[in-house]
Amino acid sequence: MESLPAHARVVIIGGGIVGCSVAYHLAKRGCSDVLLLERRRLTCGTTWHAAGLVGQLRATHNLTRLAQYTTQLYAGLERETGQATGFRQVGSIAVAASEPRLEELKRGASMARSFGLEVELLSPGEAGERWPLLSTAGLVGAVYLPKDGQTNPVDTTQALARGARHGGVRIIENVKVTAIRSAHGRVTGVATEQGEVGADAIVNCAGMWAREVGAWAEVNVPLHAAEHFYIVTEPITGLASPLPILRDADAGAYFKEDTGKLLVGWFEPHAKPWGEAGIPENFAFDQLPADLAHIEPMFAQAMRRVPVLASAGVQVFFNGPESFTPDDRYLLGETPELAGMYVAAGFNSIGIQSAGGAGKVLADWIIDGHPPFDLWDVDIRRCAAFQRNKRYLRERTEETLGLLYAMHWPFRQPQSARGVRKSALHDRLAAAGACFGEVAGYERANWFAPPGSEPRYEYSYGRQNWFAASAAEHQAVRERVGLFDQSSFGKFVLKGGDAAAVLARICANDVEVPLGRVVYTQWLNERGGIEADLTVTREAADAYFIVTSCATQTRDFSWLTRSIPGGSHAVALDVSSAYAVLGLMGPRSRELLATLTDADLSTAAFPFATSRIIDVGYARVRVSRITYVGELGYELYIPTEFAQSVYDAIVSAGGAFGLRLAGYHAMNSLRMEKAYRHWGHDVSDEDTPLEAGLGFAIAWEKPGGFLGREALLRQREGGLARRLVAVALEHPDRLLYHNEPLWRNGRLVGRISSGMFGHTVGTALGLGYVSDGGAALSDEWIAAGRYEVELATERIPARVSLQPFYDPARERVKC
Ligand SMILES: Cc1cc2nc3c(=O)[nH]c(=O)nc-3n(C[C@H](O)[C@H](O)[C@H](O)COP(=O)(O)OP(=O)(O)OC[C@H]3O[C@@H](n4cnc5c(N)ncnc54)[C@H](O)[C@@H]3O)c2cc1C
């Protein structure tokens, strides 16, 4: 047996395709002091039995870019390493059996083309010509990606391993890691069955074991295994070879030709979670019992699409486990709980096609200390701590496997494991007709069904059933007053003699402000990229109250705690559950609130961006005059046990002012009209405040500077090569979501980062960055263009502005 080193710069746990790809890419970057430990043999977990499809089209721009890189990597790997991979660029065809599915495919095609992916639209007949055994009955169209491929997962993993070894990586099989060692919040090494190995960084690539490996160090890795089924037929006479991969998402099926046989696999709507009690110790190159009754309905649908299956004999019924995450996206990056602990796991049945890209960016992340570009889609810091709860994961996993091929409707909400995280006002909102959506398990009212109608989504790519109700909520906020439950906000307290100094360093804006001031600010990395976008309220000389979005609670708290220098007198607490939040927004909000308090609410006494603790109803409430909707308004931070009485008081007083309950869809429409940015869509760690048009929130000259200032100074001097603009479609009936390509004078200049219908402006609105091949962009260049947005391969004229389309002078906010 090969002996273990005493120390390695990076220890990788797990020798599946993902672990080997991370090792390969670390070596490529010149980091050779790497040890990969595999408990049995390489590929013995999930990798060995994968079907080997390598597709490139993913739900978002960045994930598609990563999948595209994987394909390019695999295409050259055999040549580079001398190890055969079995990779064949056979192309793929995705067929659509309904108009919405075709729209989904076309939207994907538009996005993919915007960065050079080859995509062709096919008629059903053309699809049939390329795939002769296909029944085109009921099809309305298809897309063809000529550069998609298929590979042999075992051989490809071995090729990555060989490439890694060439670069100096040590790969040792039959060594099981048994514990993570750490000290002072940082990894120090691993324990194995053969002894201890010190490490500066550890990468958990343990596939379906990764949740348990994380749990050894109290690190949250929320994934759960599920059974995944395919069959391989006997040889089929007349089966063309090579044949593109065929995907029929409406039938939940994929088809791959291999050595004259067909492999047919499924993503059924109700999957079978597996291994809840833990993955068996001896599981290696194993499979699970076949379950013909489970896949029989799927098989029947597949036969309708490829009728030859009815007469082809089945050689193999395969059932193997794969891990799934609560939102069907993989888990990547440094964990918030433990510095130096990285994860690449939970690949939701696309680990072969994702491994190349994921391995590359994770290697960059480990070596450079930050991701190479915005990876929020897959960043493990999006996960909430509760999500590793096994019952939650098991129930959600039943649904997530099928979601891979389900319609990716705009606003689609999961149906399983719901109602697990609720605000104190949840039942009152439900009684008032709320239709809830979910963010990190939190139930949030998205819209309110008018009396007599059901609070249930009817999905489509057009105006959905809630459009009119949400428009009325929007209008109430613009004209009278609306009430939002924003309790899902992340809330932190930073306290101590050094709290002001800690925040001054990480906030781009000035937070050394008088007590009771609310400061809108970004937290920047040293590259000037926006790590967080939030408000900071000075509660006392030595205490700040920090408010951020629900989705970034874990990430932002981690950034905050890691920014406190050792030995400083500052303690951060996550107090999110301690306060409910109500947003009382609209021109009549002050009048309404005045009936519930004797505090002076006049602008002179209570101006914009200030915060005070005052009586509201029977409670003492922190009221902050701030808005995300562009009207006069107040956010009420209510100790949770008082939330219901304050809510009741507001609602009973509200009738006289035309109060209306409003949901997150209305809020999104309102904020979009004001071009308020949303972190994760419009701003991220690769966008600077200057590019994002948030220069007004930079306190350039504050004493001591701030993290990221030097990068911003350089950018200010060099000019901006990217700028965020507001976009309005010149077509009242079409809708924007995100990722739609943006054209200027017939040239691609950007894409939509978030979109929503603006009910006051009366058209679909979006935000998005534009660029011109690296040239500095002037206001005049932006104003002079003729713009179009590409929607499902069709270009629609649009207006573009550096100013919001609603109230650019900010008159309504400050009144
Ligand atoms: C039936 C089926 C078909 C599929 N088809 C496709 C496809 O066509 N295309 C595609 O992209 N994806 C496909 N997938 C998904 C793909 O196979 C997985 O996403 C991918 O293999 C995951 O790789 P991994 O390296 O994360 O996990 P694994 O391959 O499971 O590797 C994890 C490794 O970690 C090791 N390990 C665990 N604990 C320890 C420890 N304590 N110490 C040391 N080592 C440890 C395990 O032994 C294992 O080898 C399919 C999956 C299934 C089940």
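Each remark here, short or long, concerns the structure printed above.
Residues numbered from 1 in each chain as written. Predicted model: local features only at pLDDT ≥ 70, side-chain atom pairs only at ≥ 80, totals over all residues. Heavy atoms only, no water.

Enquirer: For this particular structure, what's the right way to read the overall build of the protein chain?
Expert: From N to C terminus, the protein chain includes 19 helices and 38 strands. For the protein chain, whose C-alpha radius of gyration is 27 Å, the value lies close to the compact-globule estimate of 28 Å for 815 residues. Based on the C-alpha atoms only, the size of the protein chain along its principal axes is roughly 80 × 65 × 50 Å. Within the protein chain, the fraction of its 815 residues that count as buried is 62%. Sequence-distant contacts, at least 24 apart, represent 72% of the contacts inside the protein chain between residues at least 6 apart. (Helix = DSSP H or I, 4+ residues; strand = E, 2+ residues; numbered from the N terminus. Rg over C-alpha atoms; globule rule 2.2 N^0.38 Å. Buried < 20%, exposed > 50% of the residue type's maximum accessible area, 1.4 Å probe, protein only. Contact = heavy atoms within 4.5 Å.)

Enquirer: Would you explain the site of the ligand in this entry?
Expert: Within the structure, the ligand sits among 37 residues, and Glu38, Thr47, Leu53, Glu322 and Gln353 are positioned closest to it. Contact distances for the ligand include 2.7 Å between an oxygen atom and a side-chain N or O atom of Glu38. Contact between the ligand and Thr47: an oxygen atom at 2.5 Å from a side-chain N or O atom of the residue. Protein contact buries 98% of the 1,000 Å² of open area that the ligand shows by itself. Broken down by secondary-structure element, the contributors of at least two residues to the shell around the ligand are α1 (17–28), β12 (224–233), β17 (314–324) and α8 (351–368). Across the shell around the ligand, the residue classes break down as 19 nonpolar, 14 polar and four charged. (Near = heavy atom within 4 Å. Polar contact = N/O pair within 3.5 Å; in protein donor to acceptor, adjacent residues only side chain to side chain. Areas by Shrake-Rupley, 256 points an atom, 1.4 Å probe, with all protein chains shown as cover. Nonpolar A, V, L, I, M, F, W, Y, C, P; charged D, E, K, R; others polar.)

Enquirer: Help me understand the pairing of strand β19 (residues 341–345), please; the structure alone is not making it clear to me.
Expert: Where a strand is regular, its side chains alternate between the two sheet faces. Of all five residues in β19, five are buried; the element is thus mostly enclosed. Across the two faces of β19 the burial is the same, with Met341, Val343 and Ala345 and Tyr342 and Ala344 all buried. Inspection of the sheet shows strand β18 (residues 331–334) paired to β19 by four bridges, in the antiparallel sense. Looking at β19, one finds that Leu332 is bridged to Ala344. (Pairing = 2+ DSSP bridges.)

Enquirer: Sorry, what's going on with the packing of α1 against helix α5 (residues 153–166) here?
Expert: Relative placement of two packed helices is described by the angle separating their axes and the distance separating the axes. With their axes 8 Å apart at the nearest point, α1 and α5 run at an angle of 30 degrees to one another. By the angle class used here, α1 and α5 are roughly parallel. In the crossing of α1 with α5, the sense of the turn from one axis to the other is left-handed. The residues of α5 that touch α1, namely those facing Ile17, Cys20, Ser21, Ala23, Tyr24 and Ala27, are Pro153, Thr156, Thr157, Leu160, Ala161, Gly163 and Ala164. Here the residues of the contact of α1 with α5 sort into nine nonpolar, four polar and no charged. (Axes fitted to C-alpha atoms, helices over the stretch in contact; angles between N-to-C directions. Parallel < 35°, antiparallel > 145°, perpendicular 65-115°, else oblique. Left-handed = near helix turned anticlockwise from the far one by under 90°.)

Enquirer: Sorry, what's going on with the sheet that holds strand β35 (residues 747–758) here?
Expert: What holds strands together in a sheet is hydrogen bonding between their backbones, with the strands either parallel or antiparallel. The antiparallel closed barrel is built from six strands, whose spatial order is β33-β36-β35-β34-β37-β38. Neighbour-to-neighbour, the strand axes of the sheet open up by a mean angle of 40 degrees, direction not taken into account. Examined bridge by bridge, strand β33 (residues 722–729) and strand β38 (residues 794–801) share four bridges and lie antiparallel to one another. Its bridge partner being in β38, Val727 is matched across the sheet by Val800.

Enquirer: How should helix α9 (residues 390–403) be read in this particular structure?
Expert: Each full turn of the α-helix corresponds to 3.6 residues, which orients residues three or four apart in the same direction. For α9, spanning 14 residues, the distance from its first C-alpha to its last is 20 Å, which sits close to the expected 20 Å at 1.5 Å a residue. Within α9, burial applies to Tyr392, Leu393, Arg396, Thr397, Glu399, Thr400, Leu401, Gly402 and Leu403. On the buried face of α9, the contacting elements are α6 (210–215), β12, β15 (261–266), β16 (273–274), β17 and β20 (434–439). Where α9 begins, one side-chain oxygen reaches toward the backbone nitrogen of Arg391, 2.9 Å away; that side chain belongs to Asn389. (Expected span 1.5 Å × (residues − 1).)

Enquirer: Help me understand the sheet that holds strand β26 (residues 543–548) in this model?
Expert: Pairing within the open sheet is antiparallel, and its five strands lie in the order β24-β25-β26-β23-β27. Of all the strands in the sheet, just β24 (518–524) and β27 (571–574) have a single pairing partner and so form its edges. The mean inter-strand angle of the sheet, taken between neighbouring strand axes irrespective of direction, is 30 degrees. Direction of pairing for strand β23 (residues 490–495) relative to β26: antiparallel, over a ladder of six bridges. Bridging across to β26, Leu494 finds its partner in Tyr544.

Enquirer: Can you walk me through the packing of aromatic side chains in this structure?
Expert: Aromatic ring pairs are reported here in terms of the distance separating the ring centres and the angle at which the planes meet. Counted under the stated rule, the structure contains 26 aromatic pairs. Seen in terms of ring centroids, Trp274 and Phe283 are 5.2 Å apart; in terms of plane orientation they differ by 50 degrees. Their pairing is tilted. You'll find Trp274 and Phe283 in the same group, each marked buried. Ring geometry for Phe467 against Phe757: centres 5.0 Å apart, planes inclined by 65 degrees, an arrangement best described as edge-to-face. In this pair, Phe467 is assigned in helix α11 (residues 467–479) and Phe757 in strand β35, connecting sequence segments 290 residues apart. Overall, Phe757 belongs to the buried group, its relative accessible area being 10%. Taken together through their ring pairs, the aromatic side chains of Trp409, Phe411, Trp447, Tyr457, Tyr459, Tyr461, Trp466 and Tyr737 make up a single cluster. (Phe/Tyr/Trp six-rings, centres within 6.5 Å; stacked < 30°, edge-to-face > 60°.)

Enquirer: What's the story with the layout of surface pockets in this structure? I'm lost.
Expert: Using a probe with the size of a water molecule, rolled over the atoms, empty space left in the structure can be pinpointed. Approximately 490 Å³ is the volume attributed to the second largest pocket. Along the wall of the second largest pocket there are 33 residues; nearest its centre are Ala384, Ala385, Arg421, Gln553 and Ser576. Where the lining of the second largest pocket is concerned, the elements lending two or more residues are α13 (553–562) and β28 (579–585). The dominant element in the lining of the second largest pocket, judged by the number of residues it contributes, is α13, at five residues. Of the residues assigned to the lining of the second largest pocket, the class counts are 15 nonpolar, twelve polar and six charged. (1 Å grid on protein atoms, 1.4 Å probe; cavity = no way out; pocket = protein on both sides within 12 Å on 5 of 7 lines; lining within 4 Å. Points joined across faces, edges and corners; volume = space filled by probe spheres on them.)

Enquirer: Would you explain the packing of helix α2 (residues 61–81) against α5 in this entry?
Expert: One can describe the packing of α2 onto α5 by two numbers: an axis separation of 10 Å at closest approach and a directional angle of 55 degrees. By the angle between their axes, α2 is oblique relative to α5. The interaxial crossing formed by α2 with α5 has left-handed handedness. In this structure, α2 contributes Leu73, Tyr74, Leu77 and Thr81 to the contact, and α5 contributes Thr156, Ala159, Leu160, Arg162, Gly163 and His166. Of the residues that constitute the contact of α2 with α5, the class distribution is five nonpolar, four polar and one charged.

Enquirer: What exactly am I supposed to notice about the side chain of Glu631 here?
Expert: One can find Glu631 in the loop between β30 (619–625) and β31 (633–639). For Glu631, the side chain forms a polar contact with the side chain of Tyr806, separated by 2.6 Å.

Enquirer: Quick question: what am I supposed to make of the pairing of β35 here?
Expert: Most of β35 is tucked away: nine of the twelve residues are buried. For strand β34 (residues 741–744) and β35, the ladder comprises four bridges, and the chain directions are antiparallel. Note on β35: the bridge partner recorded for Pro741 is Arg751. Hairpin connection, β34 to β35: the antiparallel pair is bridged by two residues, and Asn745 has positive phi, about 50 degrees.

Enquirer: Help me out: how do you make sense of empty space enclosed by the protein in this one?
Expert: Summed over the entire model, instances satisfying the criterion amount to four cavities of 30 Å³ or more. If you add up the space inside the largest cavity, you get close to 100 Å³. What lines the largest cavity is simply Phe411, Gly462, Arg463, Gln464, Trp466, Phe467, Leu735, Leu736, Tyr737, Met756, Phe757 and His759.

That's the geometry; what it means functionally is another story.
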